[in-house]
Amino acid sequence: RMSRPGDPRLGDVIARGIHGALVLLGHPIDEGVRRNGGRVGARHGPAAVREFVRTTGTLINPEYDIDLSGLAVSDGGNSVEQDTGDLEGATDKLAGLVASVLKNGGVPFTIGGGNDQSFGSYLGYRQIFPQKRLAVINIDAHLDVRPLMDGRAHSGSPFRQMLQSGDWAGTYTVFAGQGSQCSAEHTRFITETGGRVLWLSAIEAQGGAVPVFRSLLHDLAATHDHIFFSFDLDAVRGADAPGVSCSSALGLTAHDALEMCRMAGEHPKVRLCDLSEYNPIIERYRTGKLVAQMFYYFALGLARRPRSPPM
């Protein structure tokens with residue numbers, strides 16, 4: 001059951017395929033988490049989120065006065081059928097799927113899986129936009145610029161891979177990083193490659209996540225062609241999102257996460273997004289409902305965008 005009479009839900013309008021304005025993708029891989037020594041289980045994230053998304057709503061939101069019935073939302077399926085341990089092959093397949101959505105003019109919203117998926121999203125973006133200047137916002141308690149392990153990628157390395165790729169052109173910003181979980185050496189690596197870290201404490205001192213994120217979007221849009229909105233769920237405090245591989249007592253609130261998703265959805269330069277590290281093995285219901293709501297809030301924002309995305 002998706003909805004009741006007079007109360008349509010998001011699941012009522014989600015079609016199959018990659019031709020929507022907003023396309024849900026799944027990347028059921030946590031091999032990268034395993035390689036990085038984390039708690040596995042995020043490979044079950046896409047299936048759980050799809051279950052919750054079906055009944056998320058409402059389709060017509062009276063609080064924001066937004067009607068989603070005119071927004072083309074589709075489900076483009078998973079990058080792979082199952083996690084076989086071939087992280088590199090799965091990353092390439094995700095890149096192809098993301099590229100296909102972008103080529104059709106849609107916005108891919110990928111549910112992981114570990115944060116290693118972000119490099120696949122970036123590779124897919126570059127297939128379609130090889131010369132564009134990209135602003136990457138990684139909402140994350142961690143920096144995710146660890147070196148490869150024995151030459152192999154993992155969930156802590158995606159943005160180092162991006163920054164060291166030959167086609168990198170843009171700015172990397174970590175939003176809501178926590179110094180207790182971030183190496184000083186990795187912080188220097190980010191600043192030395194032209195990026196920056198907005199620490200959670202500094203964000204709170206400047207009035208909170210929502211106004212700081214709004215200002216960040218505005219500033220980056222002025223100097224970049226597109227924005228990649230990447231959200232690692234462990235940036236949200238454990239009280240609101242316990243079902244992650246590496247939770248913390250500190251972090252963003254659920255309200256912060258939802259409002260940031262809505263703002264990202266509304267901004268015309270946000271061309272792709274992903275959400276990582278939801279682990280339903282650790283906690284399924286509360287965290288899964290939050291992830292589904294984040295997708296819904298992104299859709300609310302996207303419904304207010306001009307229909308033609310910037311190229």
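Only a predicted model underlies this, so the values are computations on that prediction, with no experimental measurement involved.

Rules of the game
All chains use their own residue numbering, which begins from 1 and follows the written sequence. Local features in a predicted model are, by the rule used here, given only for residues with pLDDT of at least 70; side-chain atom pairs are given and counted only at 80 or more, and totals for whole chains, interfaces and linings are based on all residues. In computing side-chain properties, one takes all heavy atoms of the structure into account and sets aside hydrogens as well as water. Each helix is a run of H or I in the DSSP string that is no shorter than four residues. Each strand is a run of E no shorter than two, and both are numbered from the N terminus. Our radius of gyration is a C-alpha quantity, and the globule rule it is checked against amounts to 2.2 Å times the number of residues to the power 0.38. Residue exposure (1.4 Å probe, protein chains only): buried if accessible area is under 20% of the type maximum, exposed if over 50%, otherwise partly exposed. Polar contact is the term for a pair of N or O atoms within 3.5 Å; when the atoms are in protein, one must be able to donate a hydrogen and the other to accept it, and sequence-neighboring residues count only if both atoms are side-chain atoms. Contacts: residue pairs with any heavy atoms within 4.5 Å of one another. For every element, the axis is a line fit to its C-alpha atoms; helices are fit only across the contacting stretch, and the angle between N-to-C directions ranges from 0 to 180 degrees. If an angle is under 35 degrees, it is roughly parallel; if it is over 145, roughly antiparallel; if it lies from 65 to 115, roughly perpendicular; otherwise it is oblique. Rotating anticlockwise by less than a right angle from the far helix to the near helix defines a left-handed crossing, while the corresponding clockwise rotation defines a right-handed one.

A. Spatial organisation of the overall build of the chain. Per the secondary structure count, the chain includes 10 helices and 11 strands. Against the 2.2 N^0.38 benchmark of 19 Å for 311 residues, the chain shows a C-alpha radius of gyration of 18 Å, consistent with a compact globule. Taking the principal axes of its C-alpha atoms as reference, the chain extends roughly 55 × 40 × 40 Å. Here the chain holds 311 residues, and 59% of them are scored as buried.

B. Region of interest: unusual backbone geometry. Between Gly-57 and the following residue, Thr-58, the backbone shows a cis peptide bond with an omega angle of 10°. Locating Thr-58 in the fold gives a position in the loop between helix H2 (45-53) and strand S3 (60-61). A cis geometry characterises the amide bond from Gly-112 onward to Gly-113, with omega recorded as 15°. Here Gly-113 is to be found in the loop between strand S6 (107-112) and helix H4 (117-128). Phi angles above zero are rare outside glycine, and Ala-176 is one such case at about 75°. Assignment of secondary structure puts Ala-176 in strand S8 (residues 170-177). Its relative accessible area of 0% is what places Ala-176 among the buried residues. Here the phi dihedral of Glu-277 falls at roughly 80°; this positive angle occurs in a residue that is not glycine. Within the fold, Glu-277 resides in the loop between strand S11 (270-276) and helix H10 (285-302).

C. Quick look at the side chain of Thr-287. Following the sequence through the fold, Thr-287 ends up in helix H10. A distance of 2.8 Å separates a polar atom in the side chain of Thr-287 from the backbone nitrogen of Gly-243. Filtering out sequence-adjacent residues up to four positions away, Thr-287 remains in contact with Leu-233, Ala-241, Pro-242, Gly-243 and Tyr-278.

D. Inspection of the packing of helix H3 (residues 87-103) against H4 at higher detail. One can describe the packing of H3 onto H4 by two numbers: an axis separation of 7 Å at closest approach and a directional angle of 45°. By the angle between their axes, H3 is oblique relative to H4. Taken as a pair, H3 and H4 cross one another with a handedness that is right-handed. Of the residues in H4, those in contact with Thr-91, Asp-92, Leu-94, Ala-95, Gly-96, Val-98, Ala-99, Leu-102 and Lys-103 of H3 are Gln-117, Phe-119, Gly-120, Ser-121, Leu-123, Gly-124, Tyr-125, Gln-127 and Ile-128.

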